[in-house]
Amino acid sequence: MSLEQYLVDDKAAAAWTGRPASTIRRWGLEGRITKHGNGRGAVRYDLRELQPRTAANGPMKAPPLPEQLATAA
């Protein structure tokens, strides 16, 4: 399988995680998840970095901040 098969837009990532698309975009900006591409409508997110929403666990928990940002806070 190629990497492209795992890349989805913010709306699909939001549906997968149970989080709003704005949260997915913010996580990408903060470096919590990897952004692939740039520009409006061209950014994709890797499903392998995202956990699906489940009935048992609810929406995905926020990934940790990158180490350099976590120590600055």
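(A) Representation of the nonpolar core within the structure. Core analysis: the biggest nonpolar cluster contains 11 residues, these being V8, A13, A14, A21, I24, W27, I33, V43, Y45, L50 and M60. Put simply, the parts of the chain that give this core at least two residues each are helix 1 (10-17) and helix 2 (21-30). Element by element, the count of residues in this core is highest for helix 2, at 3 residues.

(B) Summary view of the pattern of salt bridges. Within this structure, the stated rule accounts for 4 salt bridges. For R25, the salt bridge identified is with D10, shortest N-O distance 2.6 Å. In this pair, R25 sits in helix 2 while D10 sits in helix 1, placing the two residues 15 residues apart along the sequence. The buried category is assigned to D10, whose relative accessible area is 14%. Residue R48 is joined to D46 by a salt bridge in which the shortest nitrogen-to-oxygen separation is 2.9 Å.

(C) Highlighting the sheet that holds strand 2 (residues 35-36). In space, the 3 strands of this open sheet follow the order 1-3-2, with antiparallel pairing throughout. At either end of the open sheet lies a strand with only one pairing partner, and these are strand 1 (7-8) and strand 2. Here strand 2 pairs with strand 3 (residues 44-46) via 2 bridges, running antiparallel. The residue of strand 3 that forms the bridge with H36 is R44.

About the thresholds
- Residues numbered from 1 in each chain as written.
- Predicted model: local features only at pLDDT ≥ 70, side-chain atom pairs only at ≥ 80, totals over all residues.
- Heavy atoms only, no water.
- Core = buried A, V, L, I, M, F, W, Y, C linked by side-chain atoms within 4.5 Å.
- Buried < 20%, exposed > 50% of the residue type's maximum accessible area, 1.4 Å probe, protein only.
- Helix = DSSP H or I, 4+ residues; strand = E, 2+ residues; numbered from the N terminus.
- Salt bridge = Lys/Arg side-chain N within 4 Å of Asp/Glu carboxyl O.
- Pairing = 2+ DSSP bridges.

Honestly, it's all geometry; don't read function into it.
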